[in-house]
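# Report on the structure
Spelled out, the chains give:
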Amino acid sequence: MKIALVSSAMPFVDGGYKFIIEWLDSVLREQGHQVEKIYHPSLEDPETLFDEMLAFRLLDLSDATDRVVTFRPPAHVVPHPNKVVWFIHHFRVWYDLWGTKYCTIPETPYWRAFRARLIRADRNALLEAQKVFTNSRTVSRRLREFNDIDSEPLYPPVHAPERFRSDEYGNEILCVCRFSNHKRQRLLVEAMHHTRTPVRLRLCGAYTPYVTELEAAAQGLDPLKVAIEARWISEEEKIERLAPALAVAYFPTDEDSYGYPTLEGAHARKGAIVASDGGGVTEFVRDGIEGFVLDPDPRAIADAFDRLWGDRRLAARLGEAAQVRVTELGIDWPSVVGKLLS
Amino acid sequence: MKVLVVNNMAPFVWGGAEELAHHLVKHLHAAGEQADVLRIPFRWNPAERLLDEMLLCKNSRLTNVDLVIGLKFPAYLIPHPNKILWLVHQYRQAYDLWDAGQSNIPDTTRGQEIRAAIKAADNACFSSCNRLFTIHTTTAERLRRYNGFESEVLMPPLNDPELFAGGEPGSYVVAGGRINSAKRQHLVVEAMRYVKSDIRLIVAGPPDTPEDAERLRRMVAENDLESRVTLDLRFLERSELASLVNQALAVAYLPFDEDYIGYVTIEAAHAAKPVITALDAGGVLDLVKDGDTGHVVPPEPEQLANAIEALAASPPTAVEMGLRAKEAWLARGVTWPQTVERLLS
């Protein structure tokens, strides 16, 4: 089959969605399909948003490809008789963030009318699709609420999951993700002030100014208790840090999807400690089964850390359940490709 | 600096322009720049589509890019305040191919409107560019003639010079390039009828049509040349082709009135091989000088046979000519590092 994978993209910036496209591309090629990736630029600037949407609308791939799979908006407006949308997220300022403190658009009659048009245009484009998939129940819910569109969550798998392994359930809780307020590593560091066992915490991620705040929060702790690796670690390093970990922690608030740290942990047979207000993360992790779902409270986190340190069989049980959960939810490339091409 | 090379895309087709963009990005990286290619799908039929395609490009928005290098119509229409062109070609069916009666744009009032829209968009874009480069003099002349813009010619370098490292002179002459009647490989095959020494000929390249291949096969069969002429009529991997050139005595390349020097000539010169060509070969003669860097003869089999015999009789002379060809080519400074330097200057 000739397949085009179409997404908006900002030049010279990699995002998670780009990895999904690259991985899907390699899987489809392995299966003997011809694949063309089309990354077209988009600014998301309100002033030019409709111009950009027009550009995507004018892409004519109807004769050249048997199927088009679209990803990041506004790629879903591409016309094609055999279009499948894998909807990663809305332009959220126009949707769920509208009217909140995170919205940068003034609530004037002009922008209200603009928003109504955008929502309608998105709906019309999605109605043309053979099928709409999302990356989580959270995004599916938003599509239903705002665009009145039915969709099916299709969880993006990790690339080559067989690379991950578990050697033991050691002393260290591992958290690998971008350092940011939204990911709330600070709560994990604060928890370490309340632990009563020799449990340790390791945080890895590319440096951001938020690291300074974390270092301040770690003041007064035994330096062996908290390791902060403020740099981008390679895939190999990630695998090596996961293998001896006791569990993983991933504590963002209101995340769209289950998050790669959770999934990578599961492939390495590690349970996950996540937040009850974590959004998509709790679609994967159920409290006491694949990990712990906790209120964003350092003491609760500390208790969970201690409990795992004291009961390695529990850590192993959660990790094994997490690995089973991956299969149960069909988070693997053959399932994904089967759905996208059906 | 973040440099975005902007090119067209026909889905699932990969050709010379794609190779050019790919290598340009590779060498921008080597020069320490950040670089990437933006490939914009392009569909030109029916002619009415051309208006949509231009609108698509003009409505696209770029950010996080310091410099745009545009290669082809209509991708180069994408707006950016710091844009240069390295023009591979315009939409020729609106210009010289229209004049030649080879256009998909209908000769109607509407067709004229479409042509005018293309020309207007082109002219506006060319005015907005900081620099205009073209890949050869023919492109530059068209740009001057149809749009009134001057440009600097910047010839695309050899993408894989390391493959054409040269080697000992072998016992054959190789005739490469696309196989067709305008490239006249048939003249060299015919010349082999008159060659007395035991030198062989290898014709290696993809035939444009089955007829082009058949013509050569018939000629070999009818003249009992099977033992001395090898026809390898297919698209050869670059390494295969390079190895054939590196081990040859000489290269024969006889296109009729070529636009520019031609990759076959450049590859031969880089591998330090003399080139046998014809008086009417056009751009090839920029590099190949008779008795100096090769042989330039009238396009006739007997004359070509004499040139082949002369080289076969004295391999040391062939080596000397080849080295001079290499020297002459390298003196032009058409390398990727120098090309990138000029584009960014």
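Residues numbered from 1 in each chain as written. Chains lettered and ligands numbered in written order. Predicted model: local features only at pLDDT ≥ 70, side-chain atom pairs only at ≥ 80, totals over all residues.

## Brief notes about the nonpolar core
Among the nonpolar cores identified, the biggest contains 141 residues, and L5(A), I173(A), C175(A), A247(A), I273(A), V6(B) and L71(B) are the most heavily contacted of them. Broken down by element, this core gets its largest block of residues, 6 residues, from helix α10 (residues 298-310) of chain A. Core analysis: the next-biggest nonpolar cluster, separate from the first, contains 52 residues, A272(B), A281(B), L304(B) and A325(B) among them. (Core = buried A, V, L, I, M, F, W, Y, C linked by C-beta atoms within 7 Å. Buried ≥ 20, exposed ≤ 12 C-beta atoms within 10 Å, placed from the backbone. Helix = DSSP H or I, 4+ residues; strand = E, 2+ residues; numbered from the N terminus.)

## Section: helix α11 (residues 315-331) of chain B
Spacing of three or four residues puts side chains on the same side of an α-helix, whose turn is 3.6 residues. Residues and elements named next belong to chain B. Between its first and last C-alpha atoms α11 spans 24 Å; for 17 residues at 1.5 Å apiece the expected length is 24 Å, and the two agree. Among the residues of α11, A318, M321, G322, A325 and W329 are the ones counted as buried. Looking straight down α11, one finds that the buried residues subtend no more than 105° of arc, so they occupy a single side. The exposed set on the far side of α11, more than 90 degrees from its buried face, consists of P316, E327 and A331. (Expected span 1.5 Å × (residues − 1). Arc of directions from axis to C-beta.)

## What to know about helix α2 (residues 49-59) of chain B
Listing the buried residues of α2(B) in full gives L50(B), E53(B), M54(B), L56(B), C57(B) and N59(B). Among the structural elements, α2 (49-58) of chain A together with β2 (34-41) and α4 (109-128) of chain B are those in contact with the buried residues of α2(B). (Contact = placed C-beta atoms within 7 Å.)

## Remarks on the interface of chain A and chain B
In this assembly, 23 residues from chain A lie in contact with 20 residues from chain B. Going through the elements one at a time, β1 (2-9), β2 (34-41) and α2 of chain A are the ones with two or more residues in the side of chain A that touches chain B. Split by residue class, the side of chain A that touches chain B holds 14 nonpolar, 4 polar and 5 charged. (Nonpolar A, V, L, I, M, F, W, Y, C, P; charged D, E, K, R; others polar.)

## Overview of the domain arrangement of chain A
Note on interface size: it is often stated as the accessible area lost on association of the parts. All names here are of chain A. Its domain assignment divides chain A into domain 1 (2-154) and domain 2 (161-328). Taking only C-alpha atoms into account, the centre of domain 1 sits 31 Å from that of domain 2. Tallying the contact residues gives 6 residues for domain 1 and 6 residues for domain 2. (Domains from an automatic or database assignment.)

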